[in-house]
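Here are the chains, one letter per residue:
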Number of protein chains: 2
Amino acid sequence: MTAATVPTSTKFDLGPARALLCRECGNETPLAPEYACLECFGPLEVAYDFGKIRREDIEAGPRSIWRYRGLLPVPSTVEQHPNTDPGGTRLVEADRLAKALGLRKVWVKDDTGNPTHSFKDRVVGVALAAARELGFKVLACPSTGNLANAVAAAAARAGWKSVVLVPSSLERAKILMSAVYDGALIAVDGNYDDVNRLAQELAAEHEDWAFVNVNVRPYYAEGSKTLGYEVAEQLGWRLPDQVVVPVASGSQLTKVDKAFRELGQLDLVEATPYRVFGAQATGCSPVSTAYKSGHDVIRPVRPDTIARSLAIGAPADGPYVLDTVRRTNGAIEDVTDEEVVEGIKLLARTEGIFAETAGGVTVATAKKLVETGQIDPDGETVLLITGDGLKTLDALGDTVGPRATVPPSAEAVLKALG
Amino acid sequence: MTAATVPTSTKFDLGPARALLCRECGNETPLAPEYACLECFGPLEVAYDFGKIRREDIEAGPRSIWRYRGLLPVPSTVEQHPNTDPGGTRLVEADRLAKALGLRKVWVKDDTGNPTHSFKDRVVGVALAAARELGFKVLACPSTGNLANAVAAAAARAGWKSVVLVPSSLERAKILMSAVYDGALIAVDGNYDDVNRLAQELAAEHEDWAFVNVNVRPYYAEGSKTLGYEVAEQLGWRLPDQVVVPVASGSQLTKVDKAFRELGQLDLVEATPYRVFGAQATGCSPVSTAYKSGHDVIRPVRPDTIARSLAIGAPADGPYVLDTVRRTNGAIEDVTDEEVVEGIKLLARTEGIFAETAGGVTVATAKKLVETGQIDPDGETVLLITGDGLKTLDALGDTVGPRATVPPSAEAVLKALG
């Protein structure tokens, strides 16, 4: 098959998905359980024939991400099979945070409301739906936290077996959160890179194992588009001026951009200009470093940050993040671990939202972007809060605690309150 | 003022709320920041003039509990003030759990999706809205966990001061979850009874402090009605045959019943018969004990159970729970701590939902009700899961963990999987 050959049919019902398209060489290949281009080994992405999509049809759908099923690589019957049905999370008008940051208008997309309390439920939900159609029988992943929770929970809900590989050094709380769903949680003596390499090897050997972020990645990654769709719909079918997105592999940032572009192309929103900003922790900031240096190539780093859910030293979508940010006139910044903790606390005390470290990265980066004049303080800005503070309690260390410990008397309480 | 005097006006805009009604003597008093009957010291409850409420109006509302504002004691302008906007949580069709329990049809109301991951966001949301209208300036509570989180978060969001009193022996994780919002968290050297007594004392002394579960309790408690409204609407505007509700103070159970009755009276659903079941942990089962003994009086107990969020030894609404359960032909059961843990794990492995210990109580009680023939296996049954497993990780102890710990080789992983 040569580049640009368009398959005219597929044996899979994956809704509007038409083919897999190589992001490097543009080669198209039929929908299949593939993730690398047969021509150039570049990453494959889902291409669509959307047809006519109307706001009313979306609005008449369920509250979950399946209201956007006409924009996702999932069967039209997706709602008939058990899934975690994520999405429909709050978009919070964050006036107090805006004031603290020096921005005119801020909205916080609070994805802690998902079934396992992170945006990973979105991507895993789409991966499960696609994997079922593609003939897989086992849901799997390498992970250090949020993804493990989401995969184990989704597999349990669907009645599928799951294989979740984690580094054996993972904190006990994270082990419990993944093990409780009773899939096969395997602790591997090694770091995340070792675990990830193992997943690649196992995916190649077991054709019916869907490693969501490996061999099902083209479908899985599309789930992040729903963050963009929801933001636009919740704003009353329009795009924000600016959006700040945490960058781990970089996939989420590129998919939010993809969602915004699709909505404009489909006339679901007016295609107004928007700027996409990336947020990293300084202890793992390969994309920020490349951006600031004006490079196109990402130099891998060894992560050293409390923002573990963003600690990917060799981010697969890094170059596409650079493209997106430069094309939309955005920027990428990074913040120290101390700033991350301050970001978590700022969001909590101004808006009552308790984010994980990745959320602290987003808030602290927004602050830095304002202070350095890289973001427009008058632009309406959306911050993506993609994970839950309950999962990264250790990051707070001794920085929060009771205001006082007192004997059981009203007088003592009042004295403590000052 | 004598019993049954109906005030004809109120200076507060609390929507459809008409007056406060004594649940014991029936005396009515104008809407005010009161919680005990001036005639007999009985507990006050909100009485309403609903007028005409239509499904379409509710359906056109926001996704949060404010879609039911016409049924709640909150101002018509409630959405204009910052609040946590809870509700709109998933009702999960739980076929795998149903099969495991031996029930024909089970729905799980997953209230872990609320902003601070428990149903307490519902009651605190209503309390904050009412407290603002009633002239309070500080949001407060005594708590051992979920309520502390919800109050601290809601106050932060609203820009209010908060005073949260907790026993100083509380686990560090729960301290962190409440302290991060930066209100005044005061650790009190004493048990929950000491803390609660302190709250009563402080509420009496500080007229502008809204202790949500003390002096604002009549309004606060109404928030639990939204669980009933949502279940009915999500079922397609009809009532389930059976509902299993965890019992702490007992308020939630009586309010779900109140919601179902109101919906029938307002012709929003057909007033089909339903049975209400109560769930307690054996280590704190005063209501279950009274039910089984055929008593009308609740004998207080000293709690000793891992289900701490249900550990109220002298439940204020216990007698009303007995009334409700007997009137609807339900039952009350209690389960051991071992059964609670099994309940948590059963829900997780069948439906991918990770509940706190109170959820384990509900699931395990449903199982026991089936086994003892007290619940109809053919009846459509709703289980209320009101809190999040991430907050009670310790309860799992060593009962869950990795299936194996292996060296980083595919062979070792496959061997471990068997």
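Keep in mind the model is a prediction, meaning the values are calculated, not measured.

Parameters at a glance
Residues numbered from 1 in each chain as written. Chains lettered and ligands numbered in written order. Predicted model: local features only at pLDDT ≥ 70, side-chain atom pairs only at ≥ 80, totals over all residues. Heavy atoms only, no water. Helix = DSSP H or I, 4+ residues; strand = E, 2+ residues; numbered from the N terminus. Rg over C-alpha atoms; globule rule 2.2 N^0.38 Å. Buried < 20%, exposed > 50% of the residue type's maximum accessible area, 1.4 Å probe, protein only. Contact = heavy atoms within 4.5 Å. Buried area = accessible area lost by both parts, 1.4 Å probe. Salt bridge = Lys/Arg side-chain N within 4 Å of Asp/Glu carboxyl O. Polar contact = N/O pair within 3.5 Å; in protein donor to acceptor, adjacent residues only side chain to side chain. Nonpolar A, V, L, I, M, F, W, Y, C, P; charged D, E, K, R; others polar. Core = buried A, V, L, I, M, F, W, Y, C linked by side-chain atoms within 4.5 Å. Domains from an automatic or database assignment. Pairing = 2+ DSSP bridges. Axes fitted to C-alpha atoms, helices over the stretch in contact; angles between N-to-C directions. Parallel < 35°, antiparallel > 145°, perpendicular 65-115°, else oblique. Left-handed = near helix turned anticlockwise from the far one by under 90°. Least-squares fit on C-alpha atoms with pLDDT ≥ 70 in both. 1 Å grid on protein atoms, 1.4 Å probe; cavity = no way out; pocket = protein on both sides within 12 Å on 5 of 7 lines; lining within 4 Å. Points joined across faces, edges and corners; volume = space filled by probe spheres on them. Right-handed = clockwise from strand over helix to strand, strands pointing away. Phe/Tyr/Trp six-rings, centres within 6.5 Å; stacked < 30°, edge-to-face > 60°. Lys NZ or Arg CZ within 6 Å of the ring centre and 35° of its normal.

Undergrad: Which parts of the structure should I look at to understand the overall build of chain A?
TA: The helix and strand tally for chain A stands at 14 helices and 14 strands. Radius of gyration (C-alpha) of chain A: 21 Å, near the 22 Å computed for a compact globule of 418 residues. Counting the 418 residues in chain A, one finds 62% classified as buried. At a minimum sequence separation of 6, the contacts of chain A that also span at least 24 residues come to 70%.

Undergrad: I tried to follow the side chain of lysine 109 of chain B on my own but got confused; where do I start?
TA: Within the secondary structure, lysine 109 of chain B is located in strand β5 (residues 105–110). Look at lysine 109 of chain B and you get buried, because its relative accessible area is 1%.

Undergrad: Is there a simple way to think about the interface of chain B and chain A in this case?
TA: A common way to express how large an interface is: the accessible area buried when the components associate. At the interface, 77 residues of chain B touch 77 residues of chain A. Contact with chain A buries surface across chain B, with Arg63, Arg157 and Val180 of chain B losing the most and accounting together for 12% of the total. Its salt-bridge partner being arginine 172 of chain B, residue aspartate 398 of chain A comes within 3.8 Å of it at the nearest N-O pair. The tally of links from chain B across to chain A stands at 25 residue pairs in polar contact (both at pLDDT 80 or more). Of the residues belonging to the side of chain B that touches chain A, the class tally is 41 nonpolar, 15 polar and 21 charged.

Undergrad: Explain the nonpolar core here, please?
TA: Proteins that are soluble and globular tend to have nonpolar side chains buried together. If you look at the biggest cluster of nonpolar residues, it comprises 260 residues, and the most contacted ones within it are Leu97 and Leu139 of chain A together with Leu97 and Leu139 of chain B. With residues near it in sequence (within four places) discarded, leucine 97 of chain A still touches Val106, Val108, Leu346, Leu347, Thr350, Glu351, Val363 and Leu383 of chain A.

Undergrad: What is the right way to read the domain arrangement of chain A from this model?
TA: Residues and elements named next belong to chain A. Partitioning chain A into structural domains gives domain 1 (90–117 + 224–396) and domain 2 (120–220). For domain 1 versus domain 2, the separation of C-alpha centres amounts to 25 Å. Both sides of the domain 1 and domain 2 interface together cover about 1300 Å² of buried area, and 38% of this is carbon and sulfur. Considering only the surface of domain 1 that becomes buried against domain 2, Thr116, Arg308 and Lys391 emerge as the three largest contributors, covering 44% of it.

Undergrad: I'm lost on the sheet that holds strand β14 (residues 404–406) of chain B in this one. Help?
TA: Each strand in a sheet pairs with another by means of backbone hydrogen bonds, the pair being arranged parallel or else antiparallel. Here we have 5 strands laid out as an open sheet, ordered β9(A)-β6(A)-β7(A)-β8(A)-β14(B), and parallel in their pairing. The open sheet is flanked by β9 (209–211) of chain A together with β14 of chain B, the only strands paired with a single partner. Adjacent strand axes in the sheet meet at a mean angle of 25 degrees when their direction is disregarded. By the bridge criterion, 5 bridges tie strand β6 (residues 138–142) of chain A to strand β7 (residues 161–167) of chain A in an arrangement that is parallel. Bridge assignment links leucine 139 of chain A to a residue of β7 of chain A, and that residue is serine 162 of chain A.

Undergrad: Can you help me understand the packing of helix α14 (residues 410–417) of chain A against helix α6 (residues 192–205) of chain B in this one?
TA: Each pair of packed helices gets described by two things: the angle between the helix axes and the distance between those axes. Their axes nearest at 10 Å, the elements α14 of chain A and α6 of chain B cross at an angle of 65 degrees. Accordingly, the angle class assigned to the pair α14 of chain A and α6 of chain B is roughly perpendicular. The element α14 of chain A and its partner α6 of chain B pack so that their crossing is right-handed. Contact residues: α14 of chain A offers Ala410, Val413 and Leu414 of chain A, while α6 of chain B offers Leu198, Glu201, Leu202 and Glu205 of chain B. Among the residues forming the contact of α14 of chain A with α6 of chain B, the class breakdown is 5 nonpolar, no polar and 2 charged.

Undergrad: Quick question: what am I supposed to make of the environment of proline 33 of chain B here?
TA: Residues and elements named next belong to chain B. Looking at the element boundaries, proline 33 is found in the loop between β2 (28–29) and β3 (44–48). In this structure the C-alpha to C-alpha distance between proline 33 and aspartate 208, which are 175 residues apart in sequence, comes to 9.7 Å. Dropping the residues within four chain positions of it, proline 33 is found in contact with Leu134, Phe136 and Asn215.

Undergrad: Help me understand the relation of the copies chain B and chain A in this model?
TA: With an RMSD of 0.0 Å, chain B superimposes on chain A once it is rotated by 180 degrees and translated 0.0 Å along the axis. When the rotation and shift are considered jointly, the pair of chain copies conforms to a two-fold rotation axis. When C-alpha distances to the rotation axis are compared across chain B, the minimum falls at glycine 113 of chain B, with a value of 2.4 Å. Of all interface residues in chain B, 100% are interface residues in chain A too; the two copies therefore contact each other through one and the same surface.

Undergrad: Explain the sheet that holds strand β14 (residues 404–406) of chain A here, please?
TA: Within the open sheet, the 5 strands sit side by side as β14(A)-β8(B)-β7(B)-β6(B)-β9(B). Their pairing is parallel. Sheet topology places β14 of chain A together with β9 (209–211) of chain B at the edges, where each strand pairs with a single neighbour. Across the sheet, the mean angle separating the axes of adjacent strands is 25 degrees when strand polarity is ignored. Across 5 bridges, strand β7 (residues 161–167) of chain B lies against strand β8 (residues 184–188) of chain B in parallel orientation.

Undergrad: Sorry, what's going on with empty space enclosed by the protein here?
TA: Space left empty within the atom packing is revealed by a probe, the size of a water molecule, rolled over the atoms. The final tally for this structure, using the stated rule, is 4 cavities of 30 Å³ or more. The volume enclosed by the largest cavity comes to roughly 110 Å³. Together, 15 residues line the largest cavity, and Pro115, Thr116, His117 and Tyr181 of chain A together with Phe354 of chain B are the ones closest to its centre. Residues of the lining of the largest cavity, tallied by class, amount to 6 nonpolar, 5 polar and 4 charged.

Undergrad: How should the side chain of threonine 112 of chain A be read in this particular structure?
TA: Inspection of the secondary structure assignment puts threonine 112 of chain A in the loop between β5 (105–110) and α3 (120–134). Setting aside chain neighbours within four positions, we find threonine 112 of chain A in contact with His117, Phe354, Ile385, Gly387 and Asp388 of chain A together with His117 of chain B.

Undergrad: Would you mind showing me how to read the pattern of salt bridges here?
TA: One side chain can pair with another of opposite charge once the charged atoms of both are near each other. A full pass over the atoms with the stated rule returns 68 salt bridges over all chains. A salt bridge links aspartate 296 of chain B to arginine 326 of chain B; its shortest N-O distance comes to 3.0 Å. Of this pair, aspartate 296 of chain B sits in the loop between α10 (286–293) and α11 (318–327) while arginine 326 of chain B is found in helix α11, placing the two residues 30 residues apart along the sequence. A residue is classified by how much of its surface remains accessible, and aspartate 296 of chain B, at 57% relative accessible area, is exposed. A relative accessible area of 32% places arginine 326 of chain B in the partly exposed class. Look at the salt bridges and you will find they share partners, linking Glu45, Glu222, Lys225, Lys255, Lys258 and Glu262 of chain A into a network.

Undergrad: Please explain helix α11 (residues 318–327) of chain A as it appears in this structure.
TA: Within an α-helix, residues lying three or four positions from one another point in the same direction, as the helix has 3.6 residues per turn. All names here are of chain A. Residues of α11 that are buried include every one of Gly318, Tyr320, Val321, Leu322, Thr324 and Val325, and no others. Where α11 is buried, its residues meet α9 (251–265), β11 (275–281), α10 (286–293) and β12 (331–335). The positive-phi residue at the C-terminal boundary of α11 is asparagine 329, with phi of around 65 degrees.

Undergrad: Please clarify how the pairing of strand β11 (residues 275–281) of chain B should be interpreted in this entry.
TA: For a regular strand, side-chain orientation follows a simple rule: the groups alternate between the two sheet faces. Residues and elements named next belong to chain B. Burial analysis of β11 places 6 of its 7 residues in the buried class, which makes it a mostly covered element. As paired elements, strand β10 (residues 242–246) and β11 share 5 bridges and run parallel to each other. Along β11, the bridge assignment pairs proline 246 with alanine 279. For the handedness criterion, the β-α-β arrangement of β10, helix α9 (residues 251–265) and β11 is classed as right-handed.

Undergrad: For this particular structure, what's the right way to read the environment of proline 62 of chain B?
TA: Mapping proline 62 of chain B onto the fold places it in the loop between α1 (55–59) and β4 (90–93). A C-alpha to C-alpha distance of 9.1 Å links proline 62 of chain B and glutamate 79 of chain B, two positions 17 residues apart in sequence.

Undergrad: Help me understand the packing of aromatic side chains, please; the structure alone is not making it clear to me.
TA: The geometry of an aromatic ring pair is captured by the separation of the ring centres together with the interplanar angle, meaning the angle of the planes. The full count for this structure, using the stated rule, is 10 aromatic pairs over all chains. Between the aromatic rings of tyrosine 48 of chain B and phenylalanine 50 of chain B, the centroid separation amounts to 4.7 Å while the plane-to-plane angle is 15 degrees, which identifies the pairing as stacked. In this arrangement the basic side chain of arginine 23 of chain A is found over the ring face of tyrosine 320 of chain A, its NZ or CZ atom lying 3.9 Å from the centre. Taking NZ or CZ as reference, lysine 105 of chain A lies 5.6 Å from the ring centre of tryptophan 107 of chain A, over its face.

Undergrad: Help me understand the packing of α10 of chain B against α11 of chain B, please; the structure alone is not making it clear to me.
TA: Residue and element names in this part refer to chain B. At a minimum axis separation of 10 Å, α10 and α11 run at an interaxial angle of 50 degrees. Classified by the angle their axes make, α10 and α11 are oblique. Considering how the two elements wind past one another, α10 and α11 form a crossing that is right-handed. On the side of α10, the interface is formed by Val287, Ala290 and Tyr291, while α11 contributes Gly318, Val321, Leu322, Val325 and Arg326. Grouping the constituent residues of the contact of α10 with α11 by class yields 6 nonpolar, 1 polar and 1 charged.

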